[in-house]
Amino acid sequence: MMTPRSAAELSSRQHPFRKSFLVHALFTTDHRLIGLQYLALAMVAVIIGMVLSLLMRLHLTWPDRVIPLHGPILPEDYLALVTMHGTLMLFFVMTTAPQAGFGNLILPSQIGSRRMAFPMLNALSFWSTALALVVLLASTLVAGGSPISGWTAYPPLSAVAAAGPGQGAGMDLWIASIALFAIAATMSSINTLVTVVRLRCKGMTWSRLPLTVWGWFTAALLSILAFSVLLAAIVLLMCDRHAGTSFFVPTGDLVNGSLHAAGHRGNGSPLLWLHLFWFFGHPEVYIAILPGMGLTSMLLANFARRRVFGYRLMIATTLAIGLLGIMVWGHHMFVAGLNPFAGTAFSISTIAIAIPSAAKVLSWLATTWRSRPSYTTAYLFSLGFASLFLTGGLSGPILAQPILDQYLHNTFFVVAHFHLIMAMAGVFGLFAATYYWFPLVTNRLMSETLGRWHFWLTLLAAYGCFLPMHLTGLMGEPRHYAQLAELPGSAANRLLAPTLPLNMHITISAVILVASQVLFFANLAVSWRRGLIASANPWQATTLEWSPALRAHSHPTSDGDLAPVEAFRRPCHYWSHHNGWHFLPQWDSADTTEPKSE
Amino acid sequence: MTVCSHFALCVDPYRWHLPADASAHGPALDRHLLLNLWIALGLAILAHIVLIAGTVVRKRGPEPPNRHTGRIEYLPLIAFSLVFLWLAVRAERLWAGTRYTGASPEAMQVEVTGMQFVWTFRYPGGDATFGRTSPELVDAAAGNPLGIDPADPHGADDVVTSELVLPAGREVDLRLRAQDVIHGFAIPELRVKQNAVPGQTIHIHLTPTVPGTYAILCTQLCGLGHYRMNSNLRVLAPTDFAAWRNAREQVVSR
Ligand code: HEM
Ligand SMILES: [Cu+2]
Ligand SMILES: [Cu+2]
């Protein structure tokens, strides 16, 4: 006999896009749906951000080409492209997708919970983030267009509307967008922290938490600190623009013929913004990468059928990176007017952070060493993460030496550093996560053939694009230049001319890099409906999101009941035996003793 | 300047394509930078060999036991830390040498002012003292882009130029200022970079060594004309410089 409720469910399955379904999906407080919403938002942002970056590269290489329906790219257009690209990628992709997207989708079940601590707050964070994105994109429509002061928005350029096109209404919208984003990120990280602290299932002790959860947890700790400071800074900046204050603008500042004095009290300092911004900005880059680092540790072990080498040490290094991450902001300011003694202090704390980072790389090397892994696409992307992270990481300690930064600061060498370590490694983490968790959402596998093509093309194009930037940076190429030839200074033209052939190569690689992503989107679209049906635990994973009890919950129409969940051991409990290997998932109650020493 | 330097591949690859340098502190900086680059490249290759070899060997090895954490984690970490400690100490000595102390009293004084989107240079003239400036008096059209106060006698002999001209072999003390927004004062071929910040006067000092013409760039995003905010540094032999300066000072005093 059919109860009225299940009849309704049946019909809603037959007509999945009925209005009530849409309304339900949009205003859901279900953490998995919210996770998917965040991922969809990040996907929109990444596609726009990618197109913008392509326009920048094409313009640098072929400055005279005219964009259809737009006309030539003017210098201010170029800077608006940089600003929007950076803001979209850093905030709306690299902060949103790993932490809020996959965090919501996966984190609760990895700790054995069926919900996040504050479902309403969760929905509110998502909608604030979505609104923030709309506000940001709206800046292209207002008079003057999008702001041109980069994702770091240094004042007085960002504080005075007269400083350039886009610095009026466009900048106001940017500020509003970032303020909304900061509020949303703070709410979302409170949710994450409380969820991890309060909702772990029975047996899920802190030392049994998967390293992904440690990554999300540490990133949430950093988010609260970093985004609250950013929010404060943003409010002060808004006051300087509209409330007659002078936090960041000194008396007598003369921008474009207008004197900053009348109507503004006080004598401010642009350096104050740099301190506040980078107190946020450096932790922000770790917020973007910590979940990926945790995932890499877990997936390498999963596919190598090994325990994570030095599990406790990996927890400790995650926390150490988080702690050191809030003490190094001055390394962005060595030549910005910082006291030179402070430069030395920040240099030392920065080099110190390379040590826990190196410890992670060593653990990955030890975990994969002679493991004869199964080469799934998710595994390949995790290997790629390790490769990009270490390649990009090795230039970090170079930039951390103030005397060298005095040559390298704001050159393409820095652009190469952070694109490898943050942008590319971060995106590889997202790809690994997508290929790996896709079956959890759809019950289907993504195509491995397409996946492999996608991996190799992306890896080669990423290195082809970002490795040569180290060289053009060493040759002297500065960031944020709308053109590299036909400059007014004769010596500047001579200095930058040798970078042009390499820049052409970089642009071509960037085109290939962007084009390769079509394979990914095609794979998503095709596998969503036609992918191979996945088994219950297709990767022989050991973490709770694959446990039958919680998987049943992820498909509420099936008959799984709310069975109790318990964790019995650490994740990645694999061992070899008679030429084969075995595994015990966290949810399996089989009696084994935990490995004692670490 | 050889024709060859116009082509990327002709630049000496053992110097990682660094442009030739023309300052007294440059060679030591270059040596340290190159040392760093080779070490980073070596470590990157080493780690990739381990990563790739470790996953492609056909035979599965035993799992590295956790009691080997010392050998696998701490030993390489200690080695890594020592290498970077050594590099950091070398770097801090160089940094201290150029930044911890000011210029010597005999150094030549030049003021550098950044404004959207030009660099303006000022020499103090015969009295060796810069005249007072004030933002209210700035009037580029009337030939006073820095706002030099006519009421201050020290200003009368100040020489204002749009290119920086320096004698080879003499230390110069640059006072960096910015009129409107933050600018980045950079001379890549002299291995120097320092932001000019509104409201602050920041001193850096250096000694150009090789006569020639070098690029002065702006390296801090400062607005739509950021890319074109460049000018030339001309380093002259001391006698040529004296002649240039005399000519300039005469123009001003007339
Ligand atoms: C091995 C540890 C690391 C060290 C020693 C290090 C060092 C540095 C230094 C000194 C700078 C400033 C360079 C300059 O502006 O002149 C910098 C810039 C940057 N780093 Fe790192 N870094 C490390 C890891 C990371 C990680 C893990 C990320 C991100 C996941 C990252 C992302 C960035 C970004 C985005 C910038 C540029 C910010 C901008 O100017 O827009 N770095 N890094
Ligand atoms: Cu940083
Ligand atoms: Cu400038």
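Draft legend 1. Representation of the coordination of the copper ion (ligand 2) in the model. All names here are of chain A. Taken together, H282 (ND1), H331 (NE2) and H332 (NE2) make up the full set of protein donors to the copper ion (ligand 2), lying 1.8 to 2.1 Å away. Taken in sequence order, the residues that donate to the copper ion (ligand 2) follow the motif H-x48-H-H. The distance between the copper ion (ligand 2) and the iron atom of ligand 1 comes to 4.5 Å. Taken together, the residues H282 in helix α8 (residues 270-304) and H331 in the loop between α9 (311-325) and α10 (340-368) connect sequence positions 49 residues apart.

Draft legend 2. Inspection of the packing of aromatic side chains at higher detail. In total, this model carries 50 aromatic pairs over all chains according to the counting rule given. Judged by centre distance (4.9 Å) and plane angle (70°), the rings of F92 of chain A and F181 of chain A are edge-to-face. With a gap of 89 residues between them, F92 of chain A in helix α4 (residues 75-110) and F181 of chain A in helix α6 (residues 169-198) connect regions that are remote in the sequence. This pair shows no difference in class: F92 of chain A is buried, exactly as F181 of chain A is. Seen in terms of ring centroids, F520 of chain A and F521 of chain A are 5.5 Å apart; in terms of plane orientation they differ by 65°. Their pairing is edge-to-face. Residue F520 of chain A is classed as buried on the basis of its relative accessible area, which comes to 5%. An aromatic cluster is built from F91, F92, W151, F181, F227, F247, F248, W273, F277, W278 and F280 of chain A, whose rings are joined through pairwise contacts. Over the aromatic face of W206 of chain A sits the side chain of R200 of chain A, whose NZ or CZ is 4.1 Å from the ring centroid. Seen from the ring of Y407 of chain A, R191 of chain B lies directly overhead, with NZ or CZ sitting 5.0 Å from the centre.

Draft legend 3. The sheet that holds strand β4 (residues 164-167) of chain B, seen in detail. Residues and elements named next belong to chain B. With respect to topology, 5 strands assemble into an open sheet ordered β4-β10-β9-β6-β7, the strand pairing being mixed. Strand pairing shows two members of the sheet lacking a second neighbour, β4 and β7 (192-196), which therefore form its edges. The mean inter-strand angle of the sheet, taken between neighbouring strand axes irrespective of direction, is 25°. The sheet contact formed by strand β6 (residues 183-187) and β7 spans 5 bridges and is antiparallel.

Draft legend 4. Region of the structure containing the nonpolar core. Counting 250 residues, the largest nonpolar core has F91, F92, W273 and W437 of chain A together with F185 of chain B as the members making the most contacts within it. Split by domain, this core shows at least three residues from each of two domains, domain 1 (26-96) and domain 2 (108-253) of chain B. Here F91 of chain A is in contact with G86, T96, W151, I178, F181, F227, L230 and F280 of chain A, once residues within four sequence places are set aside.

Draft legend 5. Spotlight on α6 of chain A. Taking 1.5 Å of rise per residue, the 30 residues of α6 of chain A would be expected to cover 44 Å, and the 43 Å separating its terminal C-alpha atoms lies within 8% of that figure. Taken across its 30 residues, α6 of chain A has 21 buried, putting it largely inside the fold.

Draft legend 6. Summary view of the domain arrangement of chain B. Domains assigned within chain B are domain 1 (26-96) and domain 2 (108-253). Using only C-alpha atoms to locate each centre, domain 1 of chain B and domain 2 of chain B end up separated by 43 Å.

Draft legend 7. Representation of the site of ligand 1 within the structure. Residue and element names in this part refer to chain A. Around ligand 1, 24 residues are found, and the nearest of them are W151, D405, H409, H417 and R479. One of the side-chain N or O atoms of D405 is found 2.5 Å from an oxygen atom in ligand 1. H409 is positioned with one of its side-chain polar atoms (N or O) 2.7 Å from an oxygen atom of ligand 1. Of all the elements in the fold, those that place two or more residues in the shell around ligand 1 are α8, α10, α11 (377-394), α12 (396-399) and α14 (412-442). With 5 residues, α14 is the largest single contributor of residues to the shell around ligand 1. Residue composition of the shell around ligand 1, by class: 15 nonpolar, 7 polar and 2 charged.

Draft legend 8. Spotlight on unusual backbone geometry. Geometrically, the link from P155 of chain A to P156 of chain A is a cis peptide bond, its omega value of 0° lying close to zero. With respect to the helices, strands and loops of the structure, P156 of chain A is situated in the loop between α5 (119-138) and α6. Put simply, Q116 of chain B and F117 of chain B share a cis peptide bond, and its omega is -5°. The phi torsion at C572 of chain A lies on the positive side, around 60°, for a residue other than glycine. By the secondary structure assignment, C572 of chain A is in the loop between α18 (548-553) and β3 (573-577). Owing to a relative accessible area of 1%, C572 of chain A belongs among the buried residues under this scheme. Not every positive phi belongs to a glycine, and A128 of chain B is a case in point at roughly 55°. Mapped onto the secondary structure, A128 of chain B falls in the loop between β2 (118-123) and β3 (159-161).

Draft legend 9. Structural detail: the confidence of the model for chain A. Residues and elements named next belong to chain A. The share of residues in chain A with pLDDT of 70 or more is 93%, and the mean pLDDT across the chain is 91. Taken together, the stretch residues 1-17 has pLDDT below 50 and engages in 7 contacts with residues farther than four places along the chain or on a different chain. When the criterion is pLDDT under 50, residues 594-598 qualifies, and its contacts beyond four places in sequence or with other chains add up to 13 contacts.

Draft legend 10. Quick peek at the sheet that holds strand β8 (residues 202-206) of chain B. All names here are of chain B. The strand order across the open sheet built from 5 strands is β3-β2-β1-β5-β8, with neighbouring strands paired in mixed fashion. The sheet is open, and its two borders are formed by β3 and β8, each paired with just one other strand. Going from strand to strand, the sheet's axes swing by 25° on average, the running direction of each strand aside. Bridge analysis of strand β5 (residues 172-178) against β8 gives 5 bridges, and the strand direction is antiparallel. Bridging from a neighbouring strand, V172 pairs with L206 of β8. Helix α3 (residues 238-253) contacts β1 (108-115), β2 and β3 of the sheet and is inclined by roughly 110° relative to β3.

Draft legend 11. Structural context of the side chain of R99 of chain B. With respect to the element layout, R99 of chain B can be found in helix α2 (residues 69-99). Buried and unpaired, R99 of chain B has D405 of chain A as its nearest opposite-charge partner, separated by 8.7 Å. If we ignore the near neighbours within four places in the chain, the residues touching R99 of chain B are V335, P340 and Q406 of chain A together with K193, Q194 and I204 of chain B.

Draft legend 12. Structural detail: the interface of chain B and chain A. Each side of the interface is counted separately: chain B has 90 residues, and chain A has 97 residues. Between chain B and chain A, a total of about 8,400 Å² is buried, with carbon and sulfur atoms accounting for 66% of that surface. Contact with chain A buries area across many residues of chain B, yet R60, W95 and Y227 of chain B alone supply 10% of it, more than any other trio. Taken together, the links from chain B to chain A amount to 0 salt bridges. At the surface where chain B touches chain A, the tally comes to 25 residue pairs in polar contact (both at pLDDT 80 or more). Contributing elements (two or more residues each) for the side of chain B that touches chain A: α1 (26-56), α2, β7 and β9 (212-218) of chain B.

Draft legend 13. Here's a closer look at the pattern of salt bridges. Under the counting rule described, the total for this entry stands at 12 salt bridges over all chains. Close ionic contact of E448 of chain A with R452 of chain A constitutes a salt bridge, the shortest N to O distance being 3.8 Å. You can see E448 of chain A and its partner R452 of chain A sitting in helix α15 (residues 448-474), 4 residues apart, about one turn around the helix. With relative accessibility at 36%, the residue R452 of chain A sits in the partly exposed group. R175 of chain B is the partner of E111 of chain B in a salt bridge, and the nearest nitrogen-oxygen pair spans 2.8 Å. Here R175 of chain B lies in strand β5 and E111 of chain B lies in strand β1, a separation of 64 residues in the sequence. In the salt-bridge network here, residues are joined through shared partners; they are E111, R122, D158, R175 and R177 of chain B.

What counts as what
Residues numbered from 1 in each chain as written. Chains lettered and ligands numbered in written order. Predicted model: local features only at pLDDT ≥ 70, side-chain atom pairs only at ≥ 80, totals over all residues. Heavy atoms only, no water. Donors = N, O, S within 2.8 Å, 3.2 Å for Na, K, Ca; no water. Helix = DSSP H or I, 4+ residues; strand = E, 2+ residues; numbered from the N terminus. Phe/Tyr/Trp six-rings, centres within 6.5 Å; stacked < 30°, edge-to-face > 60°. Buried < 20%, exposed > 50% of the residue type's maximum accessible area, 1.4 Å probe, protein only. Lys NZ or Arg CZ within 6 Å of the ring centre and 35° of its normal. Pairing = 2+ DSSP bridges. Axes fitted to C-alpha atoms, helices over the stretch in contact; angles between N-to-C directions. Core = buried A, V, L, I, M, F, W, Y, C linked by side-chain atoms within 4.5 Å. Domains from an automatic or database assignment. Contact = heavy atoms within 4.5 Å. Expected span 1.5 Å × (residues − 1). Near = heavy atom within 4 Å. Polar contact = N/O pair within 3.5 Å; in protein donor to acceptor, adjacent residues only side chain to side chain. Nonpolar A, V, L, I, M, F, W, Y, C, P; charged D, E, K, R; others polar. pLDDT = per-residue confidence, 0-100. Lys, Arg positive; Asp, Glu negative; His and termini not counted. Salt bridge = Lys/Arg side-chain N within 4 Å of Asp/Glu carboxyl O. Buried area = accessible area lost by both parts, 1.4 Å probe.

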